[in-house]
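# Structural features, examined
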Amino acid sequence: MARETKGIVLFLLYASPLFFCITSVFVGPYSLTPAEIVDLIGKRIICSGQSVTEQAILFDIRLPRIILALLTGCALSASSACFQATFRNPLVSEYILGISAGAAFGASLSIATLGDELPVQLMAFAGGIAAVLLTYGMARIRGETQTLSLVLAGIITNAIFTGGNYIIRYFAEPEQLHVLIVWLMGSFSAASWKDISYSGPFIIAGTVFLYLLRWRLNLLSMGDEEAKAFGINTEKMKIVLLGTATLVTAAAISVVGIIGWIGLMVPHIVRLLIGSDNRRVLPASATFGAALMLMADDAVRMAKGVELPVGVLTTIIGAPFFAYLIRKSRGGVWE
Amino acid sequence: MGMIQVEDLCFSYDHSKDVLKQINLSLEKGKIIVLLGPNGSGKTTLLKCINAIVKPTSGHIYVNGIDMSCMKRHEIAQQISYVPQDHKTSFPYTILEFILLGRAPYIGIFSVPGRKDIERCHEVLDSLGIRNLSDSLYTEISGGERKLVMIARALSASPEILLLDEPTAHLDIKHQAEVLRVIKTLVRNRETTVLMTLHDPNLATLIADRVILLKNGRLLNEGSAKEIITRDNIRRIYDCEVLTFAYQDMVFIYPES
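Remember, it's a predicted structure, so these values are computed and weren't measured experimentally. (Residues numbered from 1 in each chain as written. Chains lettered and ligands numbered in written order. Predicted model: local features only at pLDDT ≥ 70, side-chain atom pairs only at ≥ 80, totals over all residues.)

A word on the packing of helix α5 (residues 143–155) of chain B against helix α6 (residues 173–190) of chain B. Helices that pack against each other are described as a pair by the angle of their axes relative to one another and the distance between those axes. Residues and elements named next belong to chain B. As a packed pair, α5 and α6 sit with axes 10 Å apart at the nearest point and diverge in direction by 15°. The orientation of α5 relative to α6 falls into the category roughly parallel. For the pair α5 and α6, the crossing hand works out as right-handed. In this structure, α5 contributes Gly 144, Lys 147, Leu 148 and Ile 151 to the contact, and α6 contributes His 175, Glu 178, Val 179 and Val 182. Residue composition of the contact of α5 with α6, grouped by class: 4 nonpolar, 2 polar and 2 charged. (Axes fitted to C-alpha atoms, helices over the stretch in contact; angles between N-to-C directions. Helix = DSSP H or I, 4+ residues; strand = E, 2+ residues; numbered from the N terminus. Parallel < 35°, antiparallel > 145°, perpendicular 65-115°, else oblique. Left-handed = near helix turned anticlockwise from the far one by under 90°. Contact = placed C-beta atoms within 7 Å. Nonpolar A, V, L, I, M, F, W, Y, C, P; charged D, E, K, R; others polar.)

Residues and elements named next belong to chain B. Of all 6 residues making up strand β11 (residues 242–247), only 0 are buried, and the element is barely covered by its neighbours. Relative to strand β12 (residues 250–255), β11 is paired through 6 bridges, and the arrangement is antiparallel. Counterpart to Tyr 247 in the pairing with β12 is Met 250. (Buried ≥ 20, exposed ≤ 12 C-beta atoms within 10 Å, placed from the backbone. Pairing = 2+ DSSP bridges.)

Each partner contributes residues to the interface: chain A has 25 residues there, and chain B has 25 residues. Going through the elements one at a time, α9 (214–220) and α10 (224–229) of chain A are the ones with two or more residues in the side of chain A that touches chain B. Of the residues belonging to the side of chain A that touches chain B, the class tally is 9 nonpolar, 9 polar and 7 charged.

In terms of nonpolar packing, the biggest core is built from 169 residues, with Val 34 and Leu 163 of chain B touching the most fellow members. Element by element, the count of residues in this core is highest for helix α3 (residues 52–86) of chain A, at 13 residues. With residues up to four places along the chain from it excluded, the contact list for Val 34 of chain B reads Met 196, Leu 198, Ala 204, Ile 207, Ala 208 and Val 211 of chain B. (Core = buried A, V, L, I, M, F, W, Y, C linked by C-beta atoms within 7 Å.)

Here we take up the confidence of the model for chain B. It should be kept in mind that the predicted coordinates are not to be read in detail where pLDDT is low. Residue and element names in this part refer to chain B. Per-residue pLDDT for chain B has a mean of 92; in total, 100% of the residues score no lower than 70. Confidence scores differ between elements of chain B, with β12 showing the lowest mean pLDDT of 87 and helix α3 (residues 95–100) the highest of 97. For this predicted complex, the interface confidence score (ipTM) comes to 0.92, while the overall pTM stands at 0.92. (pLDDT = per-residue confidence, 0-100.)

Hydrogen bonds along the backbone pair up the strands of a sheet, which may run parallel or antiparallel. Residue and element names in this part refer to chain B. Here we have 4 strands laid out as an open sheet, ordered β2-β1-β4-β5, and antiparallel in their pairing. Each edge of the open sheet carries a strand with a single partner, namely β2 (18–27) and β5 (66–67). When strand β1 (residues 4–12) meets β2, the two strands line up antiparallel, connected through 6 bridges. Bridge assignment links Ile 4 to a residue of β2, and that residue is Leu 27.

The next point concerns the packing of helix α4 (residues 99–114) of chain A against helix α7 (residues 174–184) of chain A. Residue and element names in this part refer to chain A. At their nearest, the axes of α4 and α7 sit 10 Å apart, and the two run at 155° to each other. As summarised for this structure, α4 and α7 are arranged roughly antiparallel, according to the angle between their axes. As for how α4 packs across α7, the hand of that crossing is right-handed. Between α4 and α7, the contacting residues are Ala 104, Ala 107, Ser 108, Ile 111 and Ala 112 on the first element and Gln 176, Val 179, Leu 180, Trp 183 and Leu 184 on the second.

To continue, consider the pairing of β1 of chain B. Residues and elements named next belong to chain B. In this structure, the hairpin formed by β1 and β2 is closed by a connection of 5 residues, where His 15 is found at a positive phi of approximately 60°. Pairing analysis gives 5 bridges linking β1 to strand β4 (residues 58–63), with the strands arranged antiparallel. Within β4, the position partnered with Val 6 by the bridge is Ile 61.

Inspection of the secondary structure assignment puts Glu 54 of chain A in helix α3. Excluding anything up to four places from it in sequence, Glu 54 of chain A contacts Leu 32, Glu 36 and Leu 40 of chain A.

Let's shift gears to the sheet that holds strand β3 (residues 32–36) of chain B. Residue and element names in this part refer to chain B. A sheet is described by the order of its strands in space; here 6 strands give the open sequence β6-β7-β8-β3-β9-β10, paired in mixed fashion. Looking at strand neighbours, the two that pair on one side only are β6 (80–83) and β10 (218–223), the edges of this open sheet. Put simply, the sheet's adjacent strands are angled 20° from each other on average, direction ignored. As paired elements, strand β7 (residues 161–165) and strand β8 (residues 193–197) share 5 bridges and run parallel to each other. Along β8, the bridge assignment pairs Asp 165 with Thr 197.

Positioned with a positive phi, Trp 261 of chain A is a non-glycine residue whose angle comes to about 75°. Secondary-structure assignment places Trp 261 of chain A in the loop between α11 (234–256) and α12 (262–274). Under the C-beta neighbour-count criterion, Trp 261 of chain A is labelled buried, with 20 such atoms within 10 Å. Even without being glycine, Ser 158 of chain B reaches a positive phi, approximately 50°.

Right, dumping it as structure tokens:
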């Protein structure tokens, strides 16, 4: 691809969330025109309390939903880009260390047994972190953490937490079971400012931190030995990067539930468009991931009648699209 | 005292069997030193010790008189670069992106390479005559080009000492010659010190200022190629019958069939 085209593509990837942000404000069963929206925002600023319904639709339903979708897409995609570079494998996502299984277990535990004592978000977050700690603990042998041991330990952790999840589900009451299943299918339909205040700080701070370390990802993707020869403390660097990516992912899924395929797919699409250098892949994954998540959520909101959880849509569309992508891609991805 | 001084170096991977036993050696500035030895004799491990990729079990390594165990990792990397035997590709980076990684010892943790780093990489690419590859993908170039790119990446850090593990492995005869020529020019022009392992004693004869023989983790013998690469020595370290023949004033070896 010519350098100029690459520049334009990069700009579009960076600017994509802005575009979808503007269009998404108009999506929903209650129609609002651009003029009305400008009017509403103006009234909000000068605090004149008219048209309460429209105010509520825009500021308490649509805006939090848009922002939460952006944050979640950004979190899942940026952290996946980090996981893929660290594991030197373009087919790795947030599942690899057991985060999703751990978060699901935490959420199930909270929904089925603890009731309202501990919020689902907190338990899911704790579950995700606990799972990663278990994976890391198992994989660390004599002060070293080989990538392959991490992958194997991740598989074991996934199995342990999934098993736990089955037990909880088996004993859960039917109505709890329904809540649980809906939670597992990740959705933004209940998005609130409170959710954003839970996950937002982690996601924003973590993504900025990953962005600062973006070039280090290139170094780590050369493998431990070569990275050490470059003068990198690989053990510390891995803990810092995987730890941050874990926090970011756990913060996102603990609030919205499990949304598959976005994390795996986005860095992959970005690499196909602008190359492999993580100096660009990481930020472009963050922005494009945010845009794609929002687009998926818009699609779900536009459906008449029943609103599917967005996690179902991303999986149904994502899997075949991903198959198409990897068959089309060249340059070592499928070697 | 050499640029690198190795004293009583021992190494084992899990405290059971020693891979390196009581190694003493010194590398003089501006020389090409070749490590010869059968597979599993500890050649690669010795390179990894000198590059601080693995930690010696006991003994000391001094870089310009400073004990390496007191140096920071990036300080070591600023002086010593390493060209591994194999590089497993992960992502299709462009050659420039790939070579820039060699600048890591000079780049702060939260920074990215700047204009000066890119200029340095272009210099190295020019000096190796592979500037034209700069925008190609690592996954799409030939084996011989990859080897040159790996060397370029190591050189981008402007090291005083260059360690190479089997730089001629898997290369055809033309590319073997090319790589050896590059190494020779490098040492002559920049007074870089080179320590490398080779499988082929004849290539060592062609290029080495000094040859070191390793077997079972012990240093058996060292000296000029002429002194060291003899029928007896080769038979002793490789357990294999060989024939020799002389050409100009060099002695070459081939296995008896």
